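Here is how the chains run, residue by residue.
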Amino acid sequence: MKARKVAGLEPDGTLADNAERIVRERLDELCAFMPTAGDPSEVEALHDMRIAAKRLRYVLELTAPCFGSYARTATRHVRDLQDLLGEIHDCDEQIPAVRAAAARLIGEDATALARLAEGEDDADPALLRRVPHRREHAGLAALETHLRGRRAVLFARFAHAWSELERKGFSARLEYAVTERPEP
Amino acid sequence: MAKPQTVDLDPAEPYRAAGARIVRMRAQELFAHADGVLDTTDIERVHDMRVATRRLRAVLEIFAPCFPANEFKGVLREVKALADALGERRDPDVHVAALERFAAAVTAADRPGVARLIAEERERQAAGNAELAAALERAGERGLHERLLALADQAEAPA
């Protein structure tokens, strides 16, 4: 996902004023993924929201000292959110990979079984005991089951974390904090 | 994970001066992590270098308007290429660790399938390591570190 261009950046302006513009844009980018990313089937929106969280996190990690104290608190919230979205993304990448591996082994075993049954009128299920990957299917099914279950648990945590951020006024408080400047 | 150097920030500091200073610091950190990064027995080294590329890339993007556009684009592209190569090595490291944890938690009957995936990830890890070695060599040949420092100097030069 390409980052939105930040308008009005001035190389000769102060660090704080420019960082304020960047944080505002990145915050807006992050919040724009909701409510779409609140649907667990919106894999792409969740992935893009993770990238948006990462961008906001990095700019805040660097420039939070330029702003009011809530900017540091927001940095922690965004880091936690990004970590959680990262874990969900890992599941979303691994589930299809495990399915593909399982499908490949099933395909190879089906071919092997057909070869074993060559010349017969039908394929005897007992031939399954002689296919090459017979001991590997169970583990892949268990792994996919675990990944899907874990993904559901992580998504519930994400939905709760986001509703807590909203309840605590995360976005409005960060927008205010970036207008503040620490005492020299 | 290696902690980045603390950056002392003055909110009133000119944006371009801060950009130059922080790019120098993050570039130095990145190349300081290159030692031993191809050692597959210590997966934290590649993780630390990958995190350093992310921090550098983030800083380049945050201060992008302070740099001459053409040089900036080329340098950013090369930092991204290095980050991608580190990712190709790091992802299998993470998958192997996760699969080994899973295998340790399940019954013996479920382990053979997981062992197969671990073996495949080990092959990806070896391929990723070869790719990373080539990316590091390219970065050296193209003087990426020196070009990052030159970019920082240009940010500070009067317009």
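Here, the structure is the one placed above.
Because the structure is a prediction, the values reported are computed rather than measured.

## Let's talk about the overall build of chain A
The helix and strand inventory of chain A stands at five helices and zero strands. Listed by position from the N terminus, the elements making up chain A come as α-α-α-α-α. Its C-alpha atoms give chain A a radius of gyration of 25 Å, more than 25% over the compact-globule value 16 Å for 184 residues. With the C-alpha coordinates aligned to their principal axes, the bounding extent of chain A is approximately 85 × 35 × 25 Å. Counting only residues that meet the buried cut, chain A has 32% of its 184 residues in that class. Considering only contacts within chain A whose residues lie at least 6 apart along the sequence, 68% involve residues at least 24 apart.

## Brief notes about the overall build of chain B
Scanning chain B from terminus to terminus reveals five helices and zero strands. When its helices and strands are written in sequence order, chain B yields α-α-α-α-α. The globule rule puts the C-alpha radius of gyration for 159 residues at 15 Å, and the 19 Å found for chain B is more than 25% above it. C-alpha extents for chain B along the principal axes are approximately 70 × 35 × 25 Å. The burial tally for chain B puts 32% of its 159 residues in the buried class. The contacts of chain B with a sequence gap of at least 6 include a subset with a gap of at least 24, amounting to 73%.

## So, the nonpolar core
Core analysis: the largest hydrophobic core is formed by 66 residues, its most contacted members being A:Val59, A:Ala71 and B:Val23. Per-element accounting of this core gives the leading share, nine residues, to helix α2 (residues 43–63) of chain A. Excluding residues within four positions of it along the chain, B:Val23 makes contact with B:Val59, B:Leu60, B:Phe63, B:Leu148, B:Leu151 and B:Ala152. Core analysis: the next-biggest nonpolar cluster, separate from the first, contains 10 residues, A:Val98, A:Ala142, A:Leu143 and A:Leu147 among them.

## A short note on helix α2 (residues 43–62) of chain B
For α2(B), spanning 20 residues, the distance from its first C-alpha to its last is 29 Å, which sits close to the expected 28 Å at 1.5 Å a residue. Those residues of α2(B) that sit buried are B:Val46, B:Met49, B:Arg50, B:Ala52, B:Thr53, B:Leu56, B:Val59, B:Leu60 and B:Ile62. Among the structural elements, α1 (15–31) and α2 of chain A together with α1 (15–32) and α3 (69–105) of chain B are those in contact with the buried residues of α2(B).

## Quick look at the interface of chain A and chain B
How large an interface is tends to be reported as the accessible area lost when its parts come together. With 29 residues of chain A at the contact, the number on the chain B side is 25 residues. The set of elements that each furnish at least two residues to the side of chain A that touches chain B consists of α1, α2 and α4 (137–167) of chain A. Here the side of chain A that touches chain B gets seven residues from one element, more than from any other, and that element is α4(A).

## Some points on unusual backbone geometry
Residue A:Met34 is joined to A:Pro35 through a cis peptide bond whose omega torsion reads 15°. Turning to its location among the elements, A:Pro35 is positioned in the loop between α1 and α2.

## A look at the packing of α3(B) against helix α4 (residues 111–141) of chain B
Residues and elements named next belong to chain B. Where α3 meets α4, the axes come as close as 8 Å, and the angle between the chain directions of the two elements is 160°. As the angle between them shows, α3 and α4 are arranged roughly antiparallel. For the element pair α3 and α4, the recorded crossing hand is left-handed.

## Some thoughts on α1(B)
The terminal C-alpha atoms of α1(B), which comprises 18 residues, lie 26 Å apart, in line with the 26 Å expected from a rise of 1.5 Å per residue. Inspection of α1(B) places B:Tyr15, B:Arg16, B:Ala18, B:Gly19, B:Ala20, B:Ile22, B:Val23, B:Arg26, B:Ala27, B:Glu29 and B:Leu30 among the buried residues, and these make up the whole buried set. Check the buried side of α1(B) and you find it contacts α1 of chain A together with α2 and α5 (144–156) of chain B.

Scoring rules and cut-offs
Residues numbered from 1 in each chain as written. Chains lettered and ligands numbered in written order. Predicted model: local features only at pLDDT ≥ 70, side-chain atom pairs only at ≥ 80, totals over all residues. Helix = DSSP H or I, 4+ residues; strand = E, 2+ residues; numbered from the N terminus. Rg over C-alpha atoms; globule rule 2.2 N^0.38 Å. Buried ≥ 20, exposed ≤ 12 C-beta atoms within 10 Å, placed from the backbone. Contact = placed C-beta atoms within 7 Å. Core = buried A, V, L, I, M, F, W, Y, C linked by C-beta atoms within 7 Å. Expected span 1.5 Å × (residues − 1). Axes fitted to C-alpha atoms, helices over the stretch in contact; angles between N-to-C directions. Parallel < 35°, antiparallel > 145°, perpendicular 65-115°, else oblique. Left-handed = near helix turned anticlockwise from the far one by under 90°.

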